[in-house]
Amino acid sequence: MARRYDSRTTIFSPEGRLYQVEYAMEAIAHAGTCLGILAKDGIILAAEKKNTNVLLDDENFFSDKIYKLYDDMVCSVAGITSDANVLTNELRLIAQRYFLQYGEPMPCEQLVSWLCNIKQAYTQYGGKRPFGVSILYAGWDKHYGFQLYQSDPSGNYGGWKATCIGNYSNAAISLLKQDYKEEISLQEAKALVVKILSKTLDTTKLSPEKLEIASLYREKNNTKMSILKHEEVKRLIEDQERVEKEEEAQKKREAEARPST
Amino acid sequence: MECILGIRFNDFILLAADTIDSRSIVVMKHDVDKFFPLSKNLLMAVCGESGDTTQFSEYIAKNVHLYKMKNDYELSPRASANFTRRMLADSLRSRERYNVNLLMAGYDEVEKKAELYYMDYLASMMELPYCAHGYGSYFVLGCLDAYYKPGKLPSGVV
């Protein structure tokens, strides 16, 4: 039944749905996870690297899934990589055009909003398919400080304190609802990110090769972004494993202390 | 040519303009208002080809206002000045250019300082402590060079 209404993006189904947009979101639900957390002194973006083939030459490029858009903003993507490349290129152009016109960096929400208007156009005219990418944006501007946004193929976007896209995003989001605290610091956010990913990802054990963590912070009136080094990620994972072992041991002790029936 | 001048002090700016519109010896209008407010914190004084001045100023003012409507916050003085300069520069290299000289004065709420931008019809722009357009500049700039101090108004001089 749905088949008749899903071959073109520009048609509504009888139930008022846009199937192509929904199918695009399906594609993203199978893609590598991206997690973002807004701390009071910065933002953490973490991405699960799906391409961990040893034959890949990964020494000479900046990052697999995390893109710098301009001095004050970075983004992480989940979905079809080639679509993501087109969109990040466009985001960079939009940001520089703003800078050319106004002489100051583009405010975060305006950039997200602009791209989302483009994404929305692909769901309404042109006969082209929507982009199969969801994007997490982490940025700073002078109006609202640190901000975290998420956009999806429909062209919708929202501002978040913590969110997740891609594989296992639902599990991660429900964990975030419990564990996220308002005035979290950047260091606590890094630990939280590793905790959430270790509990939701399918792999038996997290390792620094599978994880990419970037942090955005301000230093001396400049916005800086750094990708965490191998050693630091390793240390965060080991810390998390230690905490988990203690929790397990604690549970065991409590179970033994309880009188048996 | 008509004269407009501006002087920047620590947290305010004085803009002055004459009110004459003339062609050589014929004064066509003697009550012209050459000031165009762009927002609560921005004021532009314009001189040059009459007609161009109004068209250009209204275009800039409405665009600045549109930005505020779209984004809930206003353009800073620096951004507005850069935007204006970009519009002047683009028009210069296409169709007919806007033959306007202007001074833009603004107070930046975020950085808490006053900024005065000088822009001429060739789209050159500079943030200056004092500046002037027109024949009056020949008289006034020398005075300001000698007596300008950002902290206070010299007594008896406007």
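Worth saying up front: this structure is predicted, and the values here are computed from it rather than measured. (Residues numbered from 1 in each chain as written. Chains lettered and ligands numbered in written order. Predicted model: local features only at pLDDT ≥ 70, side-chain atom pairs only at ≥ 80, totals over all residues. Heavy atoms only, no water.)

1. As for the sheet that holds strand E7 (residues 100-108) of chain B
All names here are of chain B.
Then, in step 1: Within the open sheet, the five strands sit side by side as E5-E6-E7-E8-E9. Their pairing is antiparallel. Two strands bound the open sheet, and with one partner strand each, they are strand E5 (35-39) and strand E9 (125-127). For this sheet, the mean inter-axis angle between neighbouring strands, taken without regard to orientation, is 20°.
Then, in step 2: Where E7 meets strand E8 (residues 113-119), seven bridges bridge the pair, whose relative direction is antiparallel. If you follow Leu102 over to E8, its bridge partner there is Met119. (Pairing = 2+ DSSP bridges. Helix = DSSP H or I, 4+ residues; strand = E, 2+ residues; numbered from the N terminus. Axes fitted to C-alpha atoms, helices over the stretch in contact; angles between N-to-C directions.)

2. So, the interface of chain A and chain B
Then, in step 1: Between chain A and chain B, the residue contacts involve eleven residues of the former and twelve residues of the latter.
Then, in step 2: Together chain A and chain B conceal approximately 1,100 Å² of surface at their shared face, both sides included; 51% is due to carbon and sulfur atoms.
Then, in step 3: Interface area lost by chain A to chain B is led by A:Gln101, A:Tyr102 and A:Gln110, which between them contribute 43%.
Then, in step 4: At the junction of chain A with chain B, the criterion picks out zero salt bridges.
Then, in step 5: Where chain A meets chain B, there are eight residue pairs in polar contact (both at pLDDT 80 or more).
Then, in step 6: Sorting elements by how many residues they give to the side of chain A that touches chain B places helix H2 (residues 81-102) of chain A first, with four residues.
Then, in step 7: Class assignment for the residues of the side of chain A that touches chain B results in five nonpolar, four polar and two charged. (Contact = heavy atoms within 4.5 Å. Buried area = accessible area lost by both parts, 1.4 Å probe. Salt bridge = Lys/Arg side-chain N within 4 Å of Asp/Glu carboxyl O. Polar contact = N/O pair within 3.5 Å; in protein donor to acceptor, adjacent residues only side chain to side chain. Nonpolar A, V, L, I, M, F, W, Y, C, P; charged D, E, K, R; others polar.)

3. With respect to helix H5 (residues 186-200) of chain A
Each turn of an α-helix holds 3.6 residues, which means side chains three or four residues apart point in the same direction.
Then, in step 1: Taking 1.5 Å as the rise per residue, H5(A) with 15 residues should run 21 Å; its terminal C-alpha atoms sit 21 Å apart, in good agreement.
Then, in step 2: On the buried face of H5(A), the contacting elements are strand E1 (34-39), strand E2 (42-48), helix H4 (169-179), strand E9 (211-219) and helix H6 (230-257) of chain A. (Expected span 1.5 Å × (residues − 1).)

4. As for the state of the cysteines
Then, in step 1: All chains considered together, the criterion is met by zero disulfides over all chains.
Then, in step 2: A:Cys34 takes part in no disulfide bond, and the closest cysteine sulfur to it belongs to A:Cys164, at a distance of 7.6 Å.
Then, in step 3: With no disulfide partner, B:Cys47 has as its closest neighbouring cysteine sulfur the one in B:Cys3, 7.8 Å distant. (Disulfide = S-S within 2.5 Å.)

5. Here's the deal with the nonpolar core
Then, in step 1: A:Leu111, A:Ile135, A:Tyr137 and B:Leu102 are the most contacted members of the largest nonpolar core, which totals 49 residues.
Then, in step 2: By residue number, the principal contributor to this core is H2(A), which donates seven residues.
Then, in step 3: Excluding residues within four positions of it along the chain, B:Leu102 makes contact with B:Ile4, B:Met44, B:Ala45, B:Val46, B:Phe56, B:Thr84, B:Leu88, B:Tyr117, B:Tyr118, B:Met119 and B:His133.
Then, in step 4: Of all hydrophobic cores here, the second largest spans 46 residues; its members include A:Leu45, A:Ala47, A:Ala138 and A:Leu148. (Core = buried A, V, L, I, M, F, W, Y, C linked by side-chain atoms within 4.5 Å. Buried < 20%, exposed > 50% of the residue type's maximum accessible area, 1.4 Å probe, protein only.)

6. Describing the environment of A:Lys65
All names here are of chain A.
Then, in step 1: Turning to its location among the elements, Lys65 is positioned in the loop between E2 and strand E3 (66-70).
Then, in step 2: The buried category is assigned to Lys65, whose relative accessible area is 10%.
Then, in step 3: Spatially, the C-alpha atoms of Lys65 and Asp179 are 25 Å apart, while their sequence positions differ by 114 residues.
Then, in step 4: Among residues more than four places away in sequence, those in contact with Lys65 are Gly32, Thr33, Cys34, Ala47, Glu48, Cys75, Ser76, Val77, Ala78 and Glu212.
Then, in step 5: Here Gly32 takes part through its backbone oxygen, which lies 2.9 Å from a polar atom of the side chain of Lys65.
Then, in step 6: A distance of 3.3 Å separates a polar atom in the side chain of Lys65 from the backbone oxygen of Val77.

7. Quick notes on the pairing of E7(B)
All names here are of chain B.
Then, in step 1: Counting buried positions along E7 gives eight out of nine residues, so the element sits mostly inside the fold.
Then, in step 2: Examined bridge by bridge, strand E6 (residues 42-48) and E7 share seven bridges and lie antiparallel to one another. From the neighbouring strand, Leu42 faces E7, where its bridge partner is Gly106.
Then, in step 3: From the end of E7 to the start of E8, which pair antiparallel, there are four residues, and Lys112 there has a positive phi angle of about 55°.

8. Some remarks on the confidence of the model for chain A
Should the pLDDT be low somewhere, the predicted coordinates at that spot are not to be read in detail.
Then, in step 1: Averaged over all residues, the pLDDT of chain A is 90; the fraction at 70 or higher stands at 93%.
Then, in step 2: By mean pLDDT, the top-scoring element of chain A is strand E7 (residues 157-159) of chain A (97), and the lowest-scoring one is H6(A) (90). (pLDDT = per-residue confidence, 0-100.)

9. Section: the sheet that holds strand E4 (residues 73-79) of chain A
Residues and elements named next belong to chain A.
Then, in step 1: In space, the five strands of this open sheet follow the order E3-E4-E5-E6-E7, with antiparallel pairing throughout. At either end of the open sheet lies a strand with only one pairing partner, and these are E3 and E7. Strand-to-strand twist across the sheet, computed as the mean angle between neighbouring axes with direction ignored, equals 25°.
Then, in step 2: As paired elements, E3 and E4 share four bridges and run antiparallel to each other. Looking at the pairing, Tyr70 lines up with Met73 of E4.
Then, in step 3: Strand contacts of H2: E3, E4 and strand E5 (133-141), with the helix running at about 20° to E3, the strand carrying the most contacts.

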